[in-house]
Amino acid sequence: MSILTPSIPPHIKVIVEGDSGNILHRQTLYDYLRAPNLQLQIAAHGGTLLDIFLKESYISEDLRFKRLFTGDHHADATRLIGSIAESLIVKICNEDPEVNRRLAMFARSGVRPHKNLDNYIAIATGSMSTKRNFPQYYNPSDTQRDIIWVEKDNPENQLLCISSNNNSSAKPAGLQVKASHDGLRYILPQIEQYHYPILYFDLGGDWGVVAEAIRQKYSGCSLINPDEIHHAIKHALKGYFDIIVSIFRGETTIPDVIRGAKHKGDSIIDAGIAAAEANSEVKIILPSHVSAMS
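Quick caveat, the model's predicted, so the values are computed rather than measured.

**Focus on the side chain of D142**
- Mapped onto the fold, D142 is located in the loop between α5 (128-133) and β4 (147-151).
- Within the local environment of D142, its side chain forms a polar contact with the backbone nitrogen of Q144, the two atoms lying 2.8 Å apart.
- A polar contact is formed between the side chain of D142 and the backbone nitrogen of R145, at a distance of 3.0 Å.

**What to know about the packing of aromatic side chains**
- A complete count under the given rule lists five aromatic pairs for this structure.
- With a centroid separation of 5.3 Å and an interplanar angle of 80 degrees, the aromatic rings of F53 and F65 are classed as edge-to-face. One end of the pair, F53, is in helix α2 (residues 38-55); the other, F65, is in the loop between α2 and α3 (73-95), and 12 residues separate them in sequence. Residue F53 shares its accessibility class with F65, and that shared class is buried.
- Measuring from ring centre to ring centre gives 4.6 Å for F69 and F248, while their planes differ by 50 degrees; the resulting arrangement is tilted. With F69 in the loop between α2 and α3 and F248 in helix α8 (residues 233-248), the pair connects residues that are 179 residues apart, well separated along the chain.

**Here's the deal with the packing of α3 against α8**
- Contact geometry for α3 and α8: axes closest at 9 Å, N-to-C directions at 140 degrees. Classed by the angle they form, the pair α3 and α8 counts as oblique. Helix-helix and strand crossings are classified by hand; for α3 and α8 the assignment is right-handed. Here H73, H74, D76, A77, T78, L80, I81, I84, A85, L88 and I92 of α3 lie close against α8, whose contacting residues are I233, A236, L237, Y240, F241, I244, V245 and F248.
- Here the contact of α3 with α8 is composed, by residue class, of 15 nonpolar, three polar and one charged.

**With respect to helix α7 (residues 207-217)**
- When we look at burial in α7, the residues that qualify are W207, V210, A211, A213 and I214. The buried residues of α7 occupy one face: seen down the axis, they fall within an arc of 160 degrees. Residues of α7 that are exposed and point more than 90 degrees away from the buried face comprise R215 and Q216.
- In this fold, the buried residues of α7 make contact with α6 (183-186), β6 (198-202) and β7 (223-224).

**Describing the pairing of strand β5 (residues 176-180)**
- Within β5, five of the five residues are buried, which leaves it mostly tucked inside the rest of the structure.
- In β5, alternate side chains face the same way, and those of Q176, K178 and S180 on one face and V177 and A179 on the other are all buried.

**Some thoughts on the sheet that holds β6**
- Spatial ordering of the open sheet is given by β5-β6-β7, a layout of three strands whose pairing is parallel. Both edges of this open sheet fall to β5 and β7, since each of them pairs with a single strand only.
- Relative to β6, β5 runs parallel, the two being bridged by five bridges. Paired with Q176 across the two strands is I198, which belongs to β6.

**As for the pattern of salt bridges**
- All chains considered together, the criterion is met by nine salt bridges.
- Across the salt bridge formed by E98 and R101, the nearest N and O atoms sit 3.7 Å from each other. You can see E98 and its partner R101 sitting in helix α4 (residues 97-107), three residues apart, about one turn around the helix.
- When the shortest N-O distance is used, the salt bridge between E212 and R215 registers 2.6 Å. Remark: R215 and E212 occur in helix α7; sequence separation between them is three residues, near one turn of the helix.
- What makes R215 exposed here is its relative accessible area of 53%.
- Within the structure, one salt-bridge network assembled from shared partners comprises E98, R101 and D118.

**Quick look at the pairing of strand β3 (residues 120-124)**
- Within β3, five of the five residues are buried, which leaves the element mostly enclosed by the surrounding structure.
- Pairing of β3 with β4 involves five bridges; the strand directions are antiparallel. Of the residues in β4, the one forming a bridge with A122 is W149.

**Regarding the environment of D153**
- Relative to the helices and strands, D153 is located in the loop between β4 and β5.
- Take D153: its relative accessible area is 77%, and that puts it in the exposed class.

**Some details on the confidence of the model for the chain**
- Per-residue confidence for the chain gives a mean pLDDT of 82; residues scoring 70 or more make up 74%.
- Contacts for the low-pLDDT stretch residues 1-8, under 50 throughout, to residues beyond four places or in other chains number 13 contacts.
- The low-confidence segment residues 263-294 (pLDDT under 50) makes 80 contacts with residues lying over four places distant or belonging to another chain.

Calculation rules
- Residues numbered from 1 in each chain as written.
- Predicted model: local features only at pLDDT ≥ 70, side-chain atom pairs only at ≥ 80, totals over all residues.
- Heavy atoms only, no water.
- Helix = DSSP H or I, 4+ residues; strand = E, 2+ residues; numbered from the N terminus.
- Polar contact = N/O pair within 3.5 Å; in protein donor to acceptor, adjacent residues only side chain to side chain.
- Phe/Tyr/Trp six-rings, centres within 6.5 Å; stacked < 30°, edge-to-face > 60°.
- Buried < 20%, exposed > 50% of the residue type's maximum accessible area, 1.4 Å probe, protein only.
- Axes fitted to C-alpha atoms, helices over the stretch in contact; angles between N-to-C directions.
- Parallel < 35°, antiparallel > 145°, perpendicular 65-115°, else oblique.
- Left-handed = near helix turned anticlockwise from the far one by under 90°.
- Contact = heavy atoms within 4.5 Å.
- Nonpolar A, V, L, I, M, F, W, Y, C, P; charged D, E, K, R; others polar.
- Arc of directions from axis to C-beta.
- Pairing = 2+ DSSP bridges.
- Salt bridge = Lys/Arg side-chain N within 4 Å of Asp/Glu carboxyl O.
- pLDDT = per-residue confidence, 0-100.

Take a look at the structure:
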């Protein structure tokens, strides 16, 4: 689902409640998806963002980022989102067999998501989780493959690309992951250097424009639309981006995010949409701590 989808039922409301049950913020779902309030982003996405921060060792015990940043908050957040996207993709692949099949299909240059792909799990080559669990595949400097697949029962075996000439020495399968607010500026000029399909998260909503430019100039390159893989991934990344930028700018803090993300809310928006009836008002209630509100 795109944040610009005009068919979102207008009767769905997103509400943030304080600990005492008082309403801290009210917003239509359409407005939330188009221009989310920061506190709603924290309530909806802060929990899983914190999970990734901790799992990937992005923050220290004193709740500070371990990475050094340039001071360009937008650019720094975008680069961090690229790494977070890889972790999120692996998480969803491990939880959703259909997503795993489709992405593994693209990674091996296949044409259908075969059930045999269920025998493989996705791992991110630059992830700290990979360094701990699959050190042989940890390679943060890999310029081609951000996501690879290995056999569940025998991780030494990687998923291979389909060979057009039945060559037994087919290359290992993989995906490149990119996230940007301006794909024409940051993705298109370097597209030819990648030999694997690119899963492009268009944080600025320009996927169609970028895909058409690639089709016209670089017909051999493959760009995957994340909205056709899983409707919630890009939405979550946008929420993560807003939270991270606000932290970099000093508008909120990691402790604020911890207090504001006291529930697991990443699926609550979708659950509210699914439960909506055409002639009734649906309220998606996101509980949050009062001290986390601005």
